[in-house]
Amino acid sequence: MARRAGAVPAQDVADIGMAMWKKERPDIDCSGKAVTGRILRLAEVFMAAMNTNMSRFDVRYAHYAIVGTLRAAGKPYCMSPTELQNTLMITSGGVSNLLKKVEQMGYIRRRSDPGDGRGVIVELTRAGFALSEETMRAQAETERGLVAALSPSEQVVLAGLLRRLVLANG
């Protein structure tokens, strides 16, 4: 039987996985999968959608994230690599490699921190600022679309619950 457009199936991937676990290992409480499985699945779905969105601008979401974060930081549109790492929630090695790539693309430049000769500051270039002006609205639209299945009040509740999980585990 064909599913109606927009209809929600009775079971999702987490339900199916949990049923398999319950059948084969009824001795194990797998109830955490109801949340973690869905978060992991949504992370993949959301990242794919964001990369598809950013491909219109010839960048990946990770590149946009650096540019958008620097733009959102306000004038003078710069941050330390550590500040970026803490905002982007990726490893320091991941940030270093990402910064190198985005710098090669011409969207940022790294310079010495005038307040700390050993430190580095990452700043937007004119090209990076121009990219941010193009991409930030598109990104916000994509994010709103990804959560549009929830009412505004449901989005607030879910955001609060997810915040609580991040703070408890992160």
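Residues numbered from 1 in each chain as written. Predicted model: local features only at pLDDT ≥ 70, side-chain atom pairs only at ≥ 80, totals over all residues. Heavy atoms only, no water.

Asker: Sorry if this is basic, but what is going on with the sheet that holds strand β2 (residues 108-113) here?
Answerer: Picture the strands of a sheet paired through backbone hydrogen bonds; they go either parallel or antiparallel. Reading across the sheet, the three strands line up as β1-β3-β2 and stay open at both edges, with antiparallel pairing between neighbours. Each end of this open sheet is capped by a strand with a single partner; those strands are β1 (78-79) and β2. In terms of strand pairing, β2 meets strand β3 (residues 116-124) through six bridges, oriented antiparallel. Its bridge partner lying in β3, R111 is registered against I121. (Pairing = 2+ DSSP bridges. Helix = DSSP H or I, 4+ residues; strand = E, 2+ residues; numbered from the N terminus.)

Asker: Honestly, the packing of helix α1 (residues 13-24) against helix α2 (residues 33-55) in this entry has me stumped. Any pointers?
Answerer: Working note: a packed helix pair is described by the angle between its axes plus the distance between those axes. Two elements in contact, α1 and α2, have axes separated by 9 Å at closest approach and are oriented at 135 degrees. The pairing of α1 with α2 is recorded here as oblique in orientation. Both α1 and α2 take part in a crossing whose hand is right-handed. Each of V13, A14, D15, M18 and W21 in α1 lies in contact with α2, whose residues at this interface are K33, A34, R38 and R41. Tallied by class, the residues present in the contact of α1 with α2 amount to five nonpolar, no polar and four charged. (Axes fitted to C-alpha atoms, helices over the stretch in contact; angles between N-to-C directions. Parallel < 35°, antiparallel > 145°, perpendicular 65-115°, else oblique. Left-handed = near helix turned anticlockwise from the far one by under 90°. Contact = heavy atoms within 4.5 Å. Nonpolar A, V, L, I, M, F, W, Y, C, P; charged D, E, K, R; others polar.)

Asker: Mind showing me how you'd approach the side chain of S132 here?
Answerer: Along the chain, S132 falls in helix α6 (residues 126-146). In this structure, S132 is in contact with V67 and R71, ignoring residues within four places of it in sequence.

Asker: Would you mind showing me how to read the packing of aromatic side chains here?
Answerer: In the structure shown here, the tally under the stated rule is two aromatic pairs. With a centroid separation of 5.8 Å and 45 degrees between ring planes, the pair formed by Y61 and Y64 is classed as tilted. Of this pair, Y61 and Y64 both sit in helix α3 (residues 61-72), separated by three residues, roughly a single helical turn. With relative accessibility at 9%, the residue Y64 sits in the buried group. Measuring from ring centre to ring centre gives 5.3 Å for Y77 and F129, while their planes differ by 55 degrees; the resulting arrangement is tilted. On the criterion of sequence distance, the pair formed by Y77 in the loop between α3 and β1 and F129 in helix α6 is long-range, its members being 52 residues apart. Under the relative-accessibility criterion, Y77 is labelled buried at 16%. Relative accessible area serves as the criterion here: at 29%, F129 is assigned to the partly exposed category. (Phe/Tyr/Trp six-rings, centres within 6.5 Å; stacked < 30°, edge-to-face > 60°. Buried < 20%, exposed > 50% of the residue type's maximum accessible area, 1.4 Å probe, protein only.)

Asker: Hey, could you run me through the pattern of salt bridges in this one?
Answerer: When the charged atoms of two side chains with opposite charge come close together, those side chains can pair. The tally for this structure, following the rule as stated, stands at eight salt bridges. Two residues, R38 and D12, come together in a salt bridge whose shortest N-O distance is 2.6 Å. Within this pair, whereas R38 is found in helix α2, its partner D12 is found in the segment before α1, the two being separated by 26 residues in sequence. Judged by relative accessible area, which is 27%, D12 ranks as partly exposed. (Salt bridge = Lys/Arg side-chain N within 4 Å of Asp/Glu carboxyl O.)

Asker: So what exactly am I meant to see when it comes to helix α7 (residues 152-169) here?
Answerer: Helical periodicity: at 3.6 residues per turn, an α-helix aligns residues three or four positions apart in one direction. When the terminal C-alpha atoms of α7 are compared, their 26 Å separation across 18 residues agrees well with the 26 Å that a helix rising 1.5 Å per residue should span. The element α7 is barely covered by neighbouring structure, given that only zero of its 18 residues are classed as buried. (Expected span 1.5 Å × (residues − 1).)

Asker: When you look at the environment of A148 in this model, what are you seeing that I'm missing?
Answerer: The topology assignment puts A148 in the loop between α6 and α7. On the basis of relative accessibility, which here comes to 53%, the residue A148 falls in the exposed class. Along the sequence, A148 and G117 sit 31 residues apart, while their C-alpha atoms lie 47 Å from each other.

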